[in-house]
Protein chains: 2
Amino acid sequence: MDRTERTERTPKQDRSRATRQRLLEAAVSCLAEHGWAGSTVSVVAERAGVSRGAAQHHFPTREDLFTAAVEYVAEERSTALRALFPQGATGDRRAVVTALVDLYTGPLFRAALHLWVAASNEDQLRPRVTELEAHVGRETHRIAVDLLGADESTPGVRETVQGLLDMSRGLGLANLLTNDTARRERVVAQWATLLDQTLG
Amino acid sequence: MDRTERTERTPKQDRSRATRQRLLEAAVSCLAEHGWAGSTVSVVAERAGVSRGAAQHHFPTREDLFTAAVEYVAEERSTALRALFPQGATGDRRAVVTALVDLYTGPLFRAALHLWVAASNEDQLRPRVTELEAHVGRETHRIAVDLLGADESTPGVRETVQGLLDMSRGLGLANLLTNDTARRERVVAQWATLLDQTLG
């Protein structure tokens, strides 16, 4: 946002924006810790220190709140990932692979996982989450191609990058119940080498 | 089981075994369709056409029933995977990679995923599921190494196979909300080629 925009915002708008952000962050940690069954608008409002009415003003339904929350944090993480490599395509592919895999461990992946699993059984949630997932997936793929300096016009390169992101998702899942860090680092080191050879 | 063992089994034992198996299969489909929150011993007993008392005789707790169910089906699938390649190590690595990835799509993976996610929030379930997961993971890794004819004494080979199984898990997750078959086949084809080059 540039300076002109900021001076045009009223204190009330700023407060509203801050409230929305607190709700979204509380929703993600709630989903990561308690799962879908334990995550209601009331629980999140209390956690965020916001009244139930104010929460419902921002997010009329539970589905609105949780899909917005996962999208918000996914965008924050994409921004953080790009900020790690401000020059874009880098020679250090191992560092890029490590940073990409890191997107899939920690609370955002955990929250997203709860949302996916809930959506697989809840008809109201499924279309929203499927659309969100497609959006986040495309964006992550675009960033990965860019940072790896991958040339998708070469046959097989697109699928190589997709497979890397599938592997990252699987590594995130492997980290759900136990701390899988040591094993994950060895797998990432090996596949970063293979990827480097393949992408040339 | 050999013929001698079979003749020593009484009809009562056979019935008990059949009841147990019906309960385990009903538990897996229940978990895949309704998730942990919708899966109780009563619901499974009804689905299997077994009285609640008989179900509780076999499985005193919900945790007993569902961890046994996921383990049972995982073993069935390992057996089926080995049966696909009765000669063991095969020249056709792409066929092996496809068969391995297939283990992670469909109702078993879906049921296991519900169990993992529930276990991440339920203290009673977590140690059982973590132990089960370690057991199934080791067994799958052993089968994969064997069928791929991979030599784990060569540096990097162990991590290459692990990464393949992580990718398979990620591909299973990508198939949860939408039918991802077409994309998955392209990724598997490409990664099977990479694997073939790496394993030599």
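Just above sits the structure.
Predicted, not measured: the structure shown is a model, and the values here were computed from it.

Section: the relation of the copies chain A and chain B
- Of the transformation placing chain A onto chain B, the axial shift is 0.0 Å and the rotation is 180°, giving an RMSD of 0.1 Å. Both copies of the chain, as the preceding transformation shows, are related through a two-fold rotation axis.
- Same-surface contact between copies: 100% of interface residues of chain A are shared with the interface of chain B.

Points about the interface of chain A and chain B
- On the side of chain B, 40 residues touch chain A, which itself brings 39 residues to the contact.
- Taking both sides of the interface into account, the surface hidden between chain A and chain B amounts to around 3200 Å²; carbon and sulfur atoms contribute 68%.
- Contact with chain B buries area across many residues of chain A, yet L173, L177 and W191 of chain A alone supply 20% of it, more than any other trio.
- On inspection of chain A and its partner chain B, the count reaches four salt bridges.
- One salt bridge in this structure joins D166 of chain B and R183 of chain A, with 2.9 Å as the shortest N-O distance.
- Here chain A is connected to chain B by 14 residue pairs in polar contact (both at pLDDT 80 or more).
- For the side of chain A that touches chain B, the element with the most residues is helix α9 (residues 157-174) of chain A, which contributes 12 residues.

Comments concerning the packing of α9 of chain A against helix α10 (residues 181-199) of chain A
All names here are of chain A.
- Running from amino to carboxyl end, α9 crosses α10 at an angle of 180°, the nearest separation of the two axes being 12 Å. Here α10 runs roughly antiparallel to α9, going by the angle between their axes. In this structure, α9 uses V157, T160, L164, M167, L171 and A174 to contact α10, whose residues at the interface are R183, R184, V187, V188, W191, L195, T198 and L199.
- Among the residues making up the contact of α9 with α10, the classes are represented as 10 nonpolar, two polar and two charged.

Describing helix α6 (residues 93-102) of chain A
- What α6 of chain A keeps buried is the set R93, V96, V97, A99, L100 and V101 of chain A.
- Each element contacted by the buried residues of α6 of chain A is listed here: α5 (62-84), α8 (126-148), α9 and α10 of chain A.

Scoring rules and cut-offs
Residues numbered from 1 in each chain as written. Chains lettered and ligands numbered in written order. Predicted model: local features only at pLDDT ≥ 70, side-chain atom pairs only at ≥ 80, totals over all residues. Heavy atoms only, no water. Least-squares fit on C-alpha atoms with pLDDT ≥ 70 in both. Contact = heavy atoms within 4.5 Å. Buried area = accessible area lost by both parts, 1.4 Å probe. Salt bridge = Lys/Arg side-chain N within 4 Å of Asp/Glu carboxyl O. Polar contact = N/O pair within 3.5 Å; in protein donor to acceptor, adjacent residues only side chain to side chain. Helix = DSSP H or I, 4+ residues; strand = E, 2+ residues; numbered from the N terminus. Axes fitted to C-alpha atoms, helices over the stretch in contact; angles between N-to-C directions. Parallel < 35°, antiparallel > 145°, perpendicular 65-115°, else oblique. Nonpolar A, V, L, I, M, F, W, Y, C, P; charged D, E, K, R; others polar. Buried < 20%, exposed > 50% of the residue type's maximum accessible area, 1.4 Å probe, protein only.

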